[in-house]
Amino acid sequence: MVEAEVMSRYAVGTNQIALTVAQVIWAQDAAACALEAEDPPAKDKALLFVGRPEQATFHGALARALEEPGALVLAEGGTGLGKGRVIAALAHAYSGCGVVVAAPTIQILGQLLGEYEALPFADKKPAGFLLGVDQFVCERALGAWIDTSNEAEEAAARAAARDWIAAGTPSRSRASGVFHRASPGLGWLVEDLARVAPGLPLAEIRLRHADLEGNDAGGRSYQRVRLRALAGLRVVFATHAALVWDRRMKAKGQVGMLPAHAVALIDEAHQLAGIAESAFSSQIALRTLLHGLDNPDLWRRHGEILKARKIATELRAVIDEIGSVPMLTPMRGETVGIGPDVMDAIEAPLKRLRGALGRLADLRGDGSIVAAAQEAARLVRDLLDGRANATLSLSRVRAFPSIVGGPRSIRLFFEEFWTSIDRAALISATLYLPREMGEGSYGLIQTTCHLPRNRIRALPPIAPAWLYDVDLHTPSVSARQAFMPPQESDFAEVALFDAALRQWILQVASALQQVYDRARGGVLVLLTSYETIDALAEILMAVAGTRLVVQRRGGFRVSLGEFLGHYRSGERALWLATGPAWTGLDLSARSALDNPVLTPDQDLLCTDLVIPRVPFGTEQSSSHRARKAVLKNAERDRAAFQFRQGLGRLMRTEGVLDRHLWVIDGRIWDPKRRWLFMPVKAMMRPYEARIREDVF
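About the cut-offs
Residues numbered from 1 in each chain as written. Predicted model: local features only at pLDDT ≥ 70, side-chain atom pairs only at ≥ 80, totals over all residues. Heavy atoms only, no water. Phe/Tyr/Trp six-rings, centres within 6.5 Å; stacked < 30°, edge-to-face > 60°. Helix = DSSP H or I, 4+ residues; strand = E, 2+ residues; numbered from the N terminus. Buried < 20%, exposed > 50% of the residue type's maximum accessible area, 1.4 Å probe, protein only. Lys NZ or Arg CZ within 6 Å of the ring centre and 35° of its normal. Core = buried A, V, L, I, M, F, W, Y, C linked by side-chain atoms within 4.5 Å. Contact = heavy atoms within 4.5 Å. Expected span 1.5 Å × (residues − 1). Pairing = 2+ DSSP bridges. Axes fitted to C-alpha atoms, helices over the stretch in contact; angles between N-to-C directions. Parallel < 35°, antiparallel > 145°, perpendicular 65-115°, else oblique. Left-handed = near helix turned anticlockwise from the far one by under 90°. Nonpolar A, V, L, I, M, F, W, Y, C, P; charged D, E, K, R; others polar. Polar contact = N/O pair within 3.5 Å; in protein donor to acceptor, adjacent residues only side chain to side chain. Salt bridge = Lys/Arg side-chain N within 4 Å of Asp/Glu carboxyl O.

Enquirer: Can you tell me about the packing of aromatic side chains, naming the residues and giving the values?
Expert: Going through the model one piece at a time under the given rule, you end up with 15 aromatic pairs. With centroids separated by 6.2 Å and ring planes inclined at 90 degrees, the aromatic side chains of phenylalanine 414 and phenylalanine 417 adopt a geometry described as edge-to-face. Taken together, the positions of phenylalanine 414 and phenylalanine 417, both in helix 19 (residues 411-419) and 3 residues apart, correspond to about one turn of that helix. One exposure class covers both phenylalanine 414 and phenylalanine 417, and it is buried. In this structure an aromatic cluster arises from ring pairing among Phe280, Phe413, Phe414, Phe417 and Trp418. Here arginine 248 stacks its cationic end above the ring of tryptophan 245, 4.5 Å away from the centre of that ring.

Rendered as structure tokens:
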């Protein structure tokens, strides 16, 4: 009855859940919780980690560290260690005082929830889940994209999206299935839509908090999940985004999204800062605003149709003006930071956009459209006043602009966030960066998440030895110069730089041909720009033919599907990838193909990983730009961290055979760049027992 009351209030266009109603469904007080872990009997705990001594060691160290009040425990556990079971056991131990288990994606969150449900403890408390608002599809934004996108290459995605809506937005992936089963009636998940329509621009159709002001089907699905998570549960599995928004809302005196909790277990903690920054960012979704303005039913009742049409005409003129800026034409399909040069080029249309958005925000009509306009107007104002950092992207064909901006720092948020939690574990396979002598440094995770130093308890990393059961290939001493990617700043003339870049591309292409010829299975090449991908693809098409998989701008999921499709057909593919391929990509055949029958020695999905260039300059977030302004090593450490994450794409399962790692950036061994590449060289040391120098 409570849920029906709240949903009826939501259906008439409000997102304000009355505190009295919330108190009925959530009567928990974190301050009254006894913070004593309930350890299961020794015989039961032993069953959890049988045959996994490293997993038992990892659990024991974490459990002991969490006994200290106020501790923020950093725990790095290598791939394949079985961190999910450790997290589930800790969630059970602290279930008496309220615990939240957080992960960045619903895929990982579903795995963790499954581990918890499988615990063999009779006194195990029931668990719930909460997904972030960005994990849901905005019905209105998706409709706008379907109706306005007339690009031929998106036709299949449009048709698939329509069919998915007609079917009732059901589960279409194993990852979302666990949540659909746990919450009957769940729908409108981004994960499901992305599976059926991989070419769809997800950033445009994700639900936002501003969308909750209207009667949106995706918003209603999100609110139902949120209410169930508040229903007196002591153990809740939530996305990082939900964890961040919960704290933001409570800081404003609102009810929040999660039950009271004193302990947080944060998996893939290295992604928390980026997700927190996204939560504080705003997006100008011009396509959605235009679609709303063009719908007379939203404005007729208030007599605002003529004003809406006039504003729509103004917005179209601004869109055309930004899309026709000459310096932006080569950037279509990419995301670029709005620095001084880009700002100079778009300042005039931005000022006109500010005026149009202000007039739209003053209209009487659809609540979600007006709220989105108000949010966009604030972002444009902050951009023009120099108070925000932002990125700009243009769609590939129609040059629809999208601007995302946020604060220069989220330090104050994190300071309040850590104060609100009695203790937490930050867990990941990549938390530390090696220093010169090999010991781990947690400086990057500390600065990005603004961890109070006096509360940090950093545990020694634990990694299975089989992670390094790899042949490492590097250029021979005589070949290293040829594999140094040229820097434009080193050349007096553009023509000389272009010639040097072309020569480097040819050198890398020749090496990739040799790697592909020798590889037993699929080959993943991690690159740092779409320009490099396009140049290499032009050359390598003659080598791999239809087995060459090229990640296009905005097409990561499409290229991943192609790579898996070749493997299913018994073909070895050569995949040129960037962006998301560096992090969080699991290319073990059993996981990627959902095939538990495959044994590790049969897994040939990805046997070779090639890194031609250490990923400097790929991080464009506003907080990273702020760190670079004050920290000498900010860019070096960020590139090294991404490099380390890239290394983790190769070894995902114990027992796989014939794995080869090719690191061919010649700058790594340049004495003049010793400081810059010191962390990278330290990361390569564990592989040195099986290092090979190749002349290519």
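Further notes follow.
Enquirer: Residue-level account of the nonpolar core, with values.
Expert: Counting 107 residues, the largest nonpolar core has Leu62, Leu142, Leu265 and Trp418 as the members making the most contacts within it. With residues near it in sequence (within four places) discarded, leucine 142 still touches Val137, Ala161, Trp164, Ile165, Trp188, Leu193, Leu200 and Ile205.

Enquirer: So, helix 13 (residues 240-251): which residues are in play, and what are the values?
Expert: Given a rise of 1.5 Å per residue, 12 residues ought to cover 16 Å, and the 17 Å separating the end C-alpha atoms of helix 13 matches this to within 8%. In terms of burial, helix 13 is a largely internal element, 11 of the 12 residues being buried. Residues of helix 13 that are buried: His240, Ala241, Ala242, Leu243, Val244, Trp245, Asp246, Arg247, Arg248, Met249 and Lys250. Of the residues flanking the end of helix 13, it is glycine 253, one or two places downstream, whose phi is positive at about 85 degrees.

Enquirer: Tell me what's going on with the pairing of strand 5 (residues 263-267), and back it up with residues and numbers.
Expert: The buried count for strand 5 comes to 5 of 5 residues, which makes it a mostly enclosed element. With 4 bridges joining them, strand 2 (residues 99-103) and strand 5 adopt parallel strand pairing. Residue pairing in the sheet places alanine 102 in a bridge with isoleucine 266 of strand 5. Across 5 bridges, the pairing between strand 5 and strand 10 (residues 423-428) is parallel. Paired with isoleucine 266 across the two strands is leucine 426, which belongs to strand 10.

Enquirer: Summarise the packing of helix 26 (residues 634-647) against helix 27 (residues 674-684); cite the residues concerned and give the values.
Expert: Following both chains from N to C, one finds helix 26 and helix 27 inclined at 20 degrees, their axes separated by 9 Å at the closest point. Relative to helix 27, the element helix 26 lies roughly parallel. Once helix 26 is placed against helix 27, the crossing between them reads as right-handed. For the pair helix 26 and helix 27, the contacting residues are Arg636, Ala640, Phe641, Phe643, Arg644 and Leu647 in the first and Trp675, Leu676, Met678, Pro679, Val680, Met683 and Met684 in the second. Along the lines of polarity and charge, the residues of the contact of helix 26 with helix 27 split into 11 nonpolar, no polar and 2 charged.

Enquirer: So what's going on with the sheet that holds strand 18 (residues 608-611)? Which residues, and what values?
Expert: Whenever strands of a sheet pair, they do so through backbone hydrogen bonds, lying parallel or antiparallel. Spatially, the 7 strands line up as an open sheet ordered 16-17-15-18-19-14-20, and their pairing is parallel. The strands lining the two open edges of the sheet, one partner per strand, are strand 16 (548-550) and strand 20 (691-694). Shown here is a sheet whose adjacent strand axes are inclined to one another by a mean of 20 degrees, direction ignored. Pairing geometry for strand 15 (residues 523-526) and strand 17 (residues 574-577), over 4 bridges, is parallel. Bridge pairing in strand 17 places leucine 524 opposite tryptophan 575. Taken strand by strand, helix 26 contacts strand 15, strand 18 and strand 19 (660-663), and its axis lies near 165 degrees from that of strand 18.

Enquirer: Hey, could you go over the side chain of glutamate 619 for me, with residue numbers and the actual values?
Expert: Assignment of secondary structure puts glutamate 619 in the loop between strand 18 and helix 25 (622-630). In this structure the side chain of glutamate 619 is engaged in a polar contact, spanning 3.2 Å, whose partner is the side chain of arginine 638. Leaving out residues up to four positions away in the same chain, glutamate 619 has contacts with His624 and Arg638.

Enquirer: So what's going on with the sheet that holds strand 4 (residues 235-239)? Which residues, and what values?
Expert: If you trace the 7 strands from one edge of the open sheet to the other, you get 3-4-2-5-10-1-13, paired in parallel fashion. Only two strands of the sheet have a single partner each, and these edge strands are strand 3 (127-130) and strand 13 (456-458). Going from strand to strand, the sheet's axes swing by 20 degrees on average, the running direction of each strand aside. By the bridge criterion, 5 bridges tie strand 2 to strand 4 in an arrangement that is parallel. Paired with alanine 102 across the two strands is alanine 238, which belongs to strand 4.

Enquirer: Hey, could you go over the pattern of salt bridges for me, with residue numbers and the actual values?
Expert: Pairing between side chains of opposite charge can happen when the charged atoms of each approach one another. A complete count under the given rule lists 27 salt bridges for this structure. Here arginine 659 ties to aspartate 603 by a salt bridge, and the two come within 3.7 Å at their closest N and O atoms. In this pair, arginine 659 sits in the loop between helix 26 and strand 19 while aspartate 603 sits in the loop between helix 24 (589-592) and strand 18, placing the two residues 56 residues apart along the sequence. The same class applies to arginine 659 and to aspartate 603, which are both buried. Put simply, Asp469, Asp471, Arg690 and Arg692 are held in one network by salt bridges that share partners.

Enquirer: Could you give an account of the packing of helix 6 (residues 106-117) against helix 9 (residues 174-182), naming the residues involved and the relevant values?
Expert: To characterise two packed helices, one gives the angle between the axes of the helices and the distance between these axes. Across the interface, helix 6 lies against helix 9 with an axial gap of 8 Å and an inter-helix angle of 55 degrees. The orientation of helix 6 relative to helix 9 falls into the category oblique. Here helix 6 runs over helix 9; the crossing is left-handed. Counted together, Ile106, Gln107, Leu109, Gly110 and Leu113 of helix 6 and Ala175, Ser176, Val178 and Phe179 of helix 9 form the full contact between these two elements. Partitioned by chemical class, the residues of the contact of helix 6 with helix 9 number 6 nonpolar, 3 polar and no charged.

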